[in-house]
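Analysis of the macromolecular model
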Amino acid sequence: MQQFNSLIWRECDSHYALNPLNYISVQDDYQVNVNLLLLAQYLDKKTHYLPLAQWETLAATIEDWDTKVVTPYRKLRRLAKSHLQVSEYQQMLDIELMMERKTQQMLLKKLNQFESEGVSTITDNNNDTYNTDNYLCLFGIDADYFTELQSA
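Because the structure is predicted, anything quoted here is derived from the model rather than measured.

With respect to the side chain of Q104
Relative to the assigned elements, Q104 resides in helix α5 (residues 86–116). Take Q104: its relative accessible area is 4%, and that puts it in the buried class. A distance of 2.9 Å separates a polar atom in the side chain of Q104 from a polar atom in the side chain of N35. For Q104, the contacting residues outside a window of four places in its chain are W9, D13 and N35.

Listed below in structure tokens is the structure:
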């Protein structure tokens, strides 16, 4: 049984840093949670495949936090940008990052709960984007559209 730790997010952050504007675009245009998308890409890279039901559960785990706290705060930050000094705006970004870290903790806890419960993962898979496909299909999005994110 594999236990995941917070080091996952370092690798995800590095992947995000390669093309942040694409991730922000996916987030804004499709309401995709970037943390979940990055996690899906990470798990694909590690060939640790989760069934669709687990992606639904992961999305549900953070839904309230994301829709009631993170997303409204992000909108407020963006609206306030033109009215703030650079240092004030940076403080708002730092708070949003803290909220994103909370989201990551919630996801990590649920992922480890799957592992400890022995919920089956798919081991025989020839699809390099299995998790990414499963997560994005929750939005009716074809993952092929995001090949630049997956290959970055």
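A closer look at the packing of aromatic side chains
Taken as a whole and assessed by the stated rule, the structure comprises four aromatic pairs. For the ring pair W55 and Y135, a centre distance of 6.1 Å and an interplane angle of 50 degrees mean the geometry is tilted. Here the residue W55 occupies a position in helix α4 (residues 52–80), and Y135 occupies one in helix α6 (residues 130–137), the gap between them amounting to 80 residues. The pair W55 / Y135 is uniform in exposure class, with both members buried. A connected cluster of aromatic rings, assembled from ring pairs, spans W55, Y135 and F139.

Notes on the packing of helix α1 (residues 7–18) against helix α2 (residues 20–30)
Packing of α1 against α2 brings their axes to within 5 Å, and their N-to-C directions diverge by 95 degrees. Classified by the interaxial angle, the pair formed by α1 and α2 is roughly perpendicular. Seen from α1, the contacting residues are H15, Y16, A17 and L18; seen from α2, they are P20, Y23 and I24. Looking at the contact of α1 with α2 residue by residue, the class counts come to six nonpolar, one polar and no charged.

Rules used throughout
- Residues numbered from 1 in each chain as written.
- Predicted model: local features only at pLDDT ≥ 70, side-chain atom pairs only at ≥ 80, totals over all residues.
- Heavy atoms only, no water.
- Helix = DSSP H or I, 4+ residues; strand = E, 2+ residues; numbered from the N terminus.
- Buried < 20%, exposed > 50% of the residue type's maximum accessible area, 1.4 Å probe, protein only.
- Polar contact = N/O pair within 3.5 Å; in protein donor to acceptor, adjacent residues only side chain to side chain.
- Contact = heavy atoms within 4.5 Å.
- Phe/Tyr/Trp six-rings, centres within 6.5 Å; stacked < 30°, edge-to-face > 60°.
- Axes fitted to C-alpha atoms, helices over the stretch in contact; angles between N-to-C directions.
- Parallel < 35°, antiparallel > 145°, perpendicular 65-115°, else oblique.
- Nonpolar A, V, L, I, M, F, W, Y, C, P; charged D, E, K, R; others polar.

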